[in-house]
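# Structural description and commentary
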Amino acid sequence: MTTHTTLPIAITQGDPAGIGPEIIVKAYRDAPAQTLGCFVAGDLATLRRAAQIVAGDSVAMPVALLSNAQEALNCPPRCIPLLQIGSSSAAEAQDPVPFGRLAARAGRMAGDCVVWAANAALQGEVAALVTAPLNKAALSLAGAPYSAFPGHTEMLQALAAAHTQQTTAQLPVRMMLANDELRVVLVSIHLSLRDALAAVTFDNVLQTLLITHQSLSAMLGRAPRIGVAGLNPHAGEGGLFGSEERDIIGPAIAAARRQGLQVSEPLAPDTVFMRARAKGGQPAEFDVVLAMYHDQGLIPVKYLGVEKGVNVTLGLPLVRTSPDHGTAFEIAGTGQADASSLIEAIRVARQLAKS
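Residues numbered from 1 in each chain as written. Predicted model: local features only at pLDDT ≥ 70, side-chain atom pairs only at ≥ 80, totals over all residues. Heavy atoms only, no water.

## Let's talk about the overall build of the chain
Applicable threshold: Working definition: helices are DSSP H or I runs of at least four residues, strands are E runs of at least two. Numbering for both runs from the N terminus. Taken over C-alpha atoms, the radius of gyration is set against a globule rule of 2.2 Å times the number of residues to the power 0.38. Only protein chains enter the accessibility calculation, which uses a 1.4 Å probe; a residue whose area is less than 20% of its type maximum is buried, one above 50% is exposed, and one in between is partly exposed. We call two residues contacting when some pair of their heavy atoms lies within 4.5 Å.
Across its full length, the chain carries 13 helices and 12 strands. A compact globule built from 355 residues would reach a C-alpha radius of gyration of about 20 Å, and the chain, at 20 Å, matches this within 12%. In terms of overall dimensions, the chain has C-alpha extents of about 65 × 40 × 40 Å along its principal axes. Counting the 355 residues in the chain, one finds 53% classified as buried. Within the chain, counting contacts between residues at least 6 apart in sequence, those at least 24 apart form 73% of the total.

Written out as C-alpha cells, the structure reads:
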C-alpha cells in the first residue's frame, strides 16, 4: 500500500438523517490538530445544518466550499472544508432530509460520497478515507447499485476490485475493530448467524489469519501475536461441544504456522479477549484476536467503550477507518452525539497513511 502524507484525508459525511454530519462538525471544533488537512466529501446544506445544531445559540463554524480536494491542505483550523458531492445543495437546503428517518434519498447521498471518496483514494488523490456512519436500510432503499451492498466494507471491496480489475473473491477484505485496549478481526462480517457459522471454513480462517498477519505487521512493525477464539463453548472441549476447532480451525492454524505466523491454538471464546486486553500499562498476551463471527468479536470491543472504538478495513489497497457506531437516529439533530470515535478514526487513518 502506497500513500502520501502530503495528500488530504477525505471524511465522508454519512447518512444526512443520522449523527454523521454532527460528529464531523464536533471533530473539527474539538480536535483542530487531528482534522487539519482533512476535508468532508458531502453536501454543503447538510453540513451547514449540522454546524448550526452544534453551535446552538452561538455562531456556527464556517463551512468552506472547495473546488478540489488539494485545497483542504491550505484551510485554517476550525473551518470545515467541504467538497460538494453530487448536484448543488440548493434543493437540499429547501427540503432537507428529516433527522432520524429512513430515506432513499439519504441512502443515495451517503453512497455517492463513499463512491467518490473511495475512487479518489484508489486514484491516489487522497491519503486515506474516514467514513462517517451510513444506514444499511437507507442504503438498500436507494436502489442499484447501493442495494447490492450490506454496508461500507462490501461496497469498498467491490470498488477496489473493479479498480484493480479483479473479482471480489480475488480481493478478500476483513473488518478489524480496535481501541487502545483490544483489537479484533472477524472471519465473517454482515451475515446471519446461521450463514456465519457456515462461513467458518478452513479457507476463510486461513485467509483471515494471513490478512491479519500482513496488515498488523505493517501497523506494528513486527509480526503480530494472534489469539484465536474458538467457535464453540470451551473451544469445543476436545470435540465434546463441537468439532469445528478440531476439524477446521486447528488445521487452518497449523497451515498458518507453517508459513511463519505466530498463532495460538483455538481458545475458549469467553476468556481469549481478556488475555488480549492491554490494561493498566500491562502488555497483553496477544496483539489481536481472530473472532469467528460478527457479534463474538464486536461485543467485547464495544463493551470497552463505543466512543473509543475504530473500524479498520484490512486487505484494501487504500486506508479506510470508521467510528465504531452507527447513525444513532434516535439522537440525530439534537447535538448530543459524541465525536470521540470519529476523532480516533481520523487519528488512526493518519497513522496508517504514514505506514
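## Here we look at the sheet that holds strand β7 (residues 183–186)
The following threshold applies: Paired strands, in this sense, are two strands between which DSSP finds at least two bridges. Only the stretch in contact is used when a helix axis is fitted, and all axes are lines through C-alpha atoms; the angle between N-to-C directions ranges over 0 to 180 degrees.
If you trace the 12 strands from one edge of the open sheet to the other, you get β3-β4-β2-β1-β5-β12-β11-β6-β7-β10-β8-β9, paired in mixed fashion. For this open sheet the edge positions go to β3 (63–65) and β9 (262–267), each flanked by a neighbour on one side alone. Neighbour-to-neighbour, the strand axes of the sheet open up by a mean angle of 30°, direction not taken into account. Here β3 pairs with strand β4 (residues 80–84) via three bridges, running parallel. The partner of Leu 65 across the bridge, within β4, is Leu 82. Seen against the sheet, helix α1 (residues 20–30) touches β1 (9–12), β2 (38–42) and β4 and runs at an angle of roughly 165° to β2. Its contacts with the sheet place helix α12 (residues 294–303) against β6 (174–178), β7, β8 (225–229) and β10 (288–291), and it is angled at close to 165° to β7.

## Things to note about the packing of aromatic side chains
Threshold: Side-chain rings of Phe, Tyr and Trp (the six-membered ring for Trp) are treated as a pair once their centres are within 6.5 Å; stacked means planes under 30 degrees apart, edge-to-face means over 60, and tilted covers the remaining angles. Criterion for a charge above a ring: Lys NZ or Arg CZ within 6 Å of the ring centre, and within 35 degrees of the ring normal.
Within the structure shown, the criterion is met by one aromatic pair. Positioned over the ring face of Phe 99 is Arg 49, at 3.8 Å from the centre of the ring.

## Focus: unusual backbone geometry
Omega for the peptide link from Ala 144 to Pro 145 comes to 0°, which places this bond in the cis form. Within the secondary structure, Pro 145 is located in the loop between α6 (136–141) and α7 (152–163). Of note in this structure, His 234 is not a glycine but carries a positive phi near 60°. What makes His 234 partly exposed here is its relative accessible area of 46%. Not every positive phi belongs to a glycine, and Ala 328 is a case in point at roughly 50°. Looking at the element boundaries, Ala 328 is found in the loop between β12 (320–323) and α13 (340–354).

## A few points about the nonpolar core
How we decide: For this analysis, a nonpolar core means a set of buried residues of the types Ala, Val, Leu, Ile, Met, Phe, Trp, Tyr and Cys, connected via side-chain atoms within 4.5 Å.
Residues Leu 209, Val 228, Leu 290 and Met 292 are the most contacted members of the largest nonpolar core, which totals 62 residues. The dominant element in this core, judged by the number of residues it contributes, is α13, at seven residues. Setting aside its immediate chain neighbours within four residues, Val 228 contacts Leu 209, Ile 249, Ile 253, Val 263, Ser 264, Glu 265, Pro 266, Leu 267, Val 272, Leu 290 and Met 292. Formed by 33 residues, the second largest nonpolar core is a distinct cluster that contains Ala 10, Phe 39, Cys 75 and Val 114.

## A few points about the environment of Gly 221
On the secondary structure map, Gly 221 appears in the loop between α9 (202–220) and β8. A C-alpha to C-alpha distance of 26 Å links Gly 221 and Glu 125, two positions 96 residues apart in sequence.

Coordinates in, geometry out; function isn't part of it.
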